Amino acid sequence: MLGFFCHKNLLSKIITLTCTDFVLIVMKKIVIGRSQDCDYVIIDPEKRVSRKHLELIQELNHYYIKDLGSVNGTFVNKKQIAANVQIAVNLTDNVSLSNSYPINLSEILGLDSKDSEKTMIFSTKSGQISIAQENDRTVIFEGGKKTVFQKDKVNLDELSEIDKSPYKTIGRVVGNHIVINKSTVSRQHCQIRLISPMIIEIEDLGSSNGTFADGKKLTSNKKYRFSSGVKVGLGTETTLDLKKIFKEIVIVPKTNVPKQEASAGSKGITVHEKNAFFELEEVWNEFYERQNSINNIGGKFSIAGSIAGGLGSLVFGGPVGMAVSIGGGIIGRYLGQKKSNELKGDASYENMFLQVYCCPRCKESFQKKPWVTINDCFKCKLKFR
């Protein structure tokens, strides 16, 4: 008895410490939203999900959620809950961010394991990364963080939000990654990075003589994306050699094909137009296979139609980037056909395909009509076979 009282305070501290540690172990908090600061990141082009939308809390076998002041609200069993108020939920409850983005609480907490679908796992400098396909979503697992998106709806701007590739600064003074000692080059002239083997991103840093892309002066402090065939100039006297800056770059040459008149009864199809049309068979096959091969690697990981045939290498880097960019032949042709090398932020897989899969003369899209069924263009009446 004496021994107990002598050690009572110590025993109390041990119990307190143990209980505290136990609470830390059994309690889990997950912040859900569009921001990269969240634990569960949702790339949502429709902006239904707020940057920090919801907090999910697990305490032993009890579960709670708290709307973090989201714009479109959080709904439980079709009823909107109050903001900044923690409420108890069951894992079987129907929870939706806004009224149109349902989420699976069990899956977010890792209780609904889908390891069988994580068919690609990679080791990187930052740890292990795995990629899974869950219905219409691609899920990236990196440590305790998940990033999810609907592969057919995501666009270049949205994917760039999770870009980890570094910029290279170019300027006249030591300290830049690339030093060009010319009076027409500013101290810190611009920064440039490789988004994929076929896409670069450029930002003029307020230079005196400007940064030019294909002869067009770029607005300072604004990011521009171009295909790798772009000619980048610092002022009007210095042209960058992109091959020397980026070892991994794949130059896509720009082809400026003059647009011919699209009136009915115009001269017959040219050799160039006929060759361009028959190349579309491969474009269609690539699209069709991707749409219908969700259970193979090409279908699972050609996210957003492999924007620019390798955007994934920007987003994830290394082998993961190659994995998510499988099957990106379409965009290579797309870049080659455009008169401008500049890429728009809304360049989703669907609109890229529809622009590529078109009449070689009037550029009218064939939509999703199977290639074997196309004999002529309904707009300009050009006959292909």
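For the structure itself, consult the block above.
Definitions and limits used
Residues numbered from 1 in each chain as written. Predicted model: local features only at pLDDT ≥ 70, side-chain atom pairs only at ≥ 80, totals over all residues. Heavy atoms only, no water. Helix = DSSP H or I, 4+ residues; strand = E, 2+ residues; numbered from the N terminus. Buried < 20%, exposed > 50% of the residue type's maximum accessible area, 1.4 Å probe, protein only. Contact = heavy atoms within 4.5 Å. Areas by Shrake-Rupley, 256 points an atom, 1.4 Å probe, with all protein chains shown as cover. Pairing = 2+ DSSP bridges. Phe/Tyr/Trp six-rings, centres within 6.5 Å; stacked < 30°, edge-to-face > 60°. Lys NZ or Arg CZ within 6 Å of the ring centre and 35° of its normal. Polar contact = N/O pair within 3.5 Å; in protein donor to acceptor, adjacent residues only side chain to side chain. Disulfide = S-S within 2.5 Å. Core = buried A, V, L, I, M, F, W, Y, C linked by side-chain atoms within 4.5 Å.

1. Some remarks on the overall build of the protein
Part 1 of the reasoning: Secondary structure assignment for the protein yields 11 helices and 22 strands.
Part 2 of the reasoning: Going through the 385 residues of the protein one by one, you find that 48% of them count as buried.
Part 3 of the reasoning: Considering only contacts in the protein between residues 6 or more positions apart, those separated by 24 or more positions represent 48%.
Part 4 of the reasoning: Just so you have it, the protein exposes about 19,900 Å², and 53% of that area is on carbon and sulfur atoms.

2. Notes on the sheet that holds strand β16 (residues 190-196)
Part 1 of the reasoning: Taking strand neighbours across the sheet as the criterion, the five strands line up as β15-β14-β16-β17-β20 in an open arrangement whose pairing is mixed. The strands lining the two open edges of the sheet, one partner per strand, are β15 (178-179) and β20 (223-227).
Part 2 of the reasoning: Bridging between strand β14 (residues 168-171) and β15 involves two bridges; their strand directions are parallel. The residue of β15 that forms the bridge with Ile 170 is Ile 178.

3. A closer look at the packing of aromatic side chains
Part 1 of the reasoning: With the rule as written, the count across this model stands at nine aromatic pairs.
Part 2 of the reasoning: Ring centres of Phe 277 and Phe 278 lie 5.4 Å apart, and the angle between their planes is 80°; on these two criteria the pair is classed as edge-to-face.
Part 3 of the reasoning: The partly exposed category is assigned to Phe 278, whose relative accessible area is 35%.
Part 4 of the reasoning: By way of ring pairs, the aromatic residues Phe 277, Phe 278, Trp 284, Tyr 357, Phe 366, Trp 371 and Phe 384 are connected into one cluster.
Part 5 of the reasoning: We note Arg 385 situated over the ring of Trp 371; from NZ or CZ to the ring centre the distance is 4.2 Å.

4. With respect to the side chain of Thr 238
Part 1 of the reasoning: In this structure, Thr 238 sits in strand β22 (residues 238-239).
Part 2 of the reasoning: For Thr 238, a relative accessible area of 6% gives the class buried.
Part 3 of the reasoning: Within the structure, Thr 238 has its side chain in polar contact with the side chain of Lys 182 (distance 3.5 Å).
Part 4 of the reasoning: Non-local contacts of Thr 238, meaning those with residues more than four positions away in its chain, are made with Ile 180, Lys 182, Thr 184, Val 185, Val 232 and Gly 233.

5. Points about the state of the cysteines
Part 1 of the reasoning: Throughout the structure, instances matching the rule amount to zero disulfides.
Part 2 of the reasoning: Cysteine Cys 358 is unpaired, with the sulfur of Cys 359 as its nearest cysteine sulfur at 7.1 Å.
Part 3 of the reasoning: Between Cys 362, a cysteine without a disulfide, and Cys 377, which holds the nearest cysteine sulfur, the sulfur-to-sulfur distance is 3.6 Å.

6. Section: the nonpolar core
Part 1 of the reasoning: Ranked by size, the top nonpolar core spans 23 residues in total, and within it Ile 32, Ile 42, Leu 56, Ile 65, Leu 97 and Ile 103 carry the most contacts.
Part 2 of the reasoning: Of all the secondary-structure elements, those providing two or more residues to this core are β1 (27-33), β2 (40-43), β3 (54-59), β4 (62-67), β8 (95-97), β9 (101-103), α3 (105-109) and β12 (137-142).
Part 3 of the reasoning: Considering each element in turn, this core owes the most residues, three residues, to α3.
Part 4 of the reasoning: Excluding its chain neighbours within four sequence positions, the residues that come into contact with Ile 32 are Cys 38, Tyr 40, Ile 42, Lys 52, His 53, Leu 54, Leu 56, Leu 97, Ile 103 and Ile 108.
Part 5 of the reasoning: Formed by 21 residues, the second largest nonpolar core is a distinct cluster that contains Val 185, Val 230, Leu 234 and Leu 240.

Everything listed is a geometric property; what it means functionally is a separate question.
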